[in-house]
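# Secondary and tertiary structure notes
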Amino acid sequence: MKSYYIRNNTNTVSFLSVVRETEEGYMVRITRDLDGYTKVIDEFLPKMLFDSCLRTGYLSEIEESAENAIA
């Protein structure tokens, strides 16, 4: 399962993990740390939107060593 940092303008830590891929897009899990409170959201993300987020830098892939430190 690949994980990505989510760029945001707040002081929160947010990342997205791809749970499953379908023909239309991805089932993802978004995790946010809001001042010590963890919020987890499961969503569907169309491929076109996912690719756009990667191109614009809104999502950036987490290196495998960093991903293991998060888990």
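First, a word on what this report is: a plain description of the structure on this page. Keep in mind that this is a model prediction, so the values were computed, not measured.

Counted by the stated rule, this structure contains two aromatic pairs. Note on Tyr4 and Phe50: the rings are 5.4 Å apart at their centroids and 85° apart in plane angle, and the pair reads as edge-to-face. Note that Tyr4 is positioned in strand 1 (residues 3-6) and Phe50 in helix 1 (residues 47-56), a separation of 46 residues in sequence. On the basis of relative accessible area, Tyr4 is assigned to the buried category, the value being 6%. Using a relative accessible area of 4% as the deciding quantity, one classes Phe50 as buried. For the ring pair Tyr26 and Phe50, a centre distance of 4.6 Å and an interplane angle of 45° mean the geometry is tilted. Placement of the pair is Tyr26 in strand 3 (residues 25-34) and Phe50 in helix 1, with a sequence separation of 24 residues. Per residue, the accessibility class of Tyr26 equals that of Phe50, and both read buried. Grouping aromatic residues by their ring pairs yields a cluster made of Tyr4, Tyr26 and Phe50.

On the basis of which strands lie adjacent, the open sheet formed by five strands has the order 4-3-2-1-5 and antiparallel pairing. In this open sheet, the two strands that pair with only one neighbour each are strand 4 (37-46) and strand 5 (59-61). Along the sheet, successive strands turn relative to each other by an average axial angle of 30°, direction set aside. As defined by bridge partners, strand 1 adjoins strand 2 (residues 13-21) across three bridges and the pair is classed as antiparallel. Across the sheet, Tyr4 pairs through a bridge with Leu16, a residue of strand 2. Together, strand 1, strand 2, strand 3, strand 4 and strand 5 form the strand contacts of helix 1, whose direction differs from that of strand 4 by roughly 120°.

Procedures and definitions
Residues numbered from 1 in each chain as written. Predicted model: local features only at pLDDT ≥ 70, side-chain atom pairs only at ≥ 80, totals over all residues. Heavy atoms only, no water. Phe/Tyr/Trp six-rings, centres within 6.5 Å; stacked < 30°, edge-to-face > 60°. Helix = DSSP H or I, 4+ residues; strand = E, 2+ residues; numbered from the N terminus. Buried < 20%, exposed > 50% of the residue type's maximum accessible area, 1.4 Å probe, protein only. Pairing = 2+ DSSP bridges. Axes fitted to C-alpha atoms, helices over the stretch in contact; angles between N-to-C directions. Contact = heavy atoms within 4.5 Å.

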